[in-house]
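# Examining the three-dimensional arrangement
What follows is each chain in one-letter form.
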Amino acid sequence: MTRPADLITAGRGVLVLVLAVVVLRGFVDGDAWAGGDGRDAWAWTLVALAVPAWALDALDGYVARRTGSVTDRGARLDSGVDGLLVLVLSVAVVPLAPWALVGGLLLPVFLAVQVVRPAWRGPLPPRPWRRIAGGTTTGTLVIGMAPVWPEVLVQVAVALAVVLVTWSFTVDVRWLERQVVGA
C-alpha cells in the first residue's frame, strides 16, 4: 500500500532529479560558470525547482504523522531524497563556494562507510539539531542560489551551514561509535 507521505516524498524525488539534470546541463553548457544573464537564468531555474523540493520536505513528515503512517521505510526514503537534494544543490553552488561539496558529500560518505563499519548502521535517537542542521543547510543552498546576493555573503553563509551540518554528523557518528564501545 502506498502511503500519501511516500507519494509526496517520491514527488520531491522527481523534482530533485529534474533539478540534477538542470544543474548538470548548466555545467555542460557553461551557464554555471558564466556571469550575467546566462548564469542568472540558470540560477533562477534552480531556485524555482529547489524551493518546492525544500518546502515539501516539511509536508511529507506532517502528512505521515497526521495519517498515522510513519514508517522506517518512509523515513529512509525522506532522508535519501534530502541527501540527494543537498548533494545536487552543493554541486550547483560550487562556482561560488566549492566547500559546499563537503556538506553535500556527508550523507553519501556516511552511507558508504556503513558498508565497512556496521556500528554506523545503528538507529540514531531523534535529535532536533539534526533537523535544524539539515534544514538550515538545504535552505542556505536554496536561498544562496538566487542571484541577488553578494558572492561573499553566499560564501560565508554556505561555510557556516557546512560547519553546522558537519558538526551534526560528527555528533551522530561519535554517538554511534560510543554505542559499540559501551556494548
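First things first, this report covers the structure right here in the doc. (Residues numbered from 1 in each chain as written. Predicted model: local features only at pLDDT ≥ 70, side-chain atom pairs only at ≥ 80, totals over all residues. Heavy atoms only, no water.)

## Regarding the pattern of salt bridges
A complete count under the given rule lists eight salt bridges for this structure. Between Arg73 and Asp6 there is a salt bridge; the shortest N-O distance is 2.9 Å. Of this pair, Arg73 sits in helix H3 (residues 72–93) while Asp6 sits in helix H1 (residues 4–29); the two residues are 67 residues apart in sequence, bridging distant segments of the chain. On the accessibility criterion, Arg73 (48% relative accessible area) is partly exposed. Given the relative accessible area of 9%, Asp6 is considered buried. Linked by salt bridges that have partners in common, Arg12, Asp57, Asp60, Asp78 and Asp82 make up one network. (Salt bridge = Lys/Arg side-chain N within 4 Å of Asp/Glu carboxyl O. Helix = DSSP H or I, 4+ residues; strand = E, 2+ residues; numbered from the N terminus. Buried < 20%, exposed > 50% of the residue type's maximum accessible area, 1.4 Å probe, protein only.)

## Observations concerning the packing of aromatic side chains
Tallying each qualifying case throughout the model produces five aromatic pairs. With centroids separated by 5.5 Å and ring planes inclined at 20 degrees, the aromatic side chains of Phe110 and Trp120 adopt a geometry described as stacked. One end of the pair, Phe110, is in helix H4 (residues 100–116); the other, Trp120, is in the loop between H4 and helix H5 (128–145), and 10 residues separate them in sequence. With 5.6 Å between their ring centres and 55 degrees between their planes, Trp129 and Trp167 make a pair best called tilted. Taken as a pair, Trp129 in helix H5 and Trp167 in helix H6 (residues 151–182) lie far apart in primary sequence, 38 residues in all. Chaining the aromatic ring pairs together yields one cluster made of Phe27, Trp33 and Trp42. (Phe/Tyr/Trp six-rings, centres within 6.5 Å; stacked < 30°, edge-to-face > 60°.)

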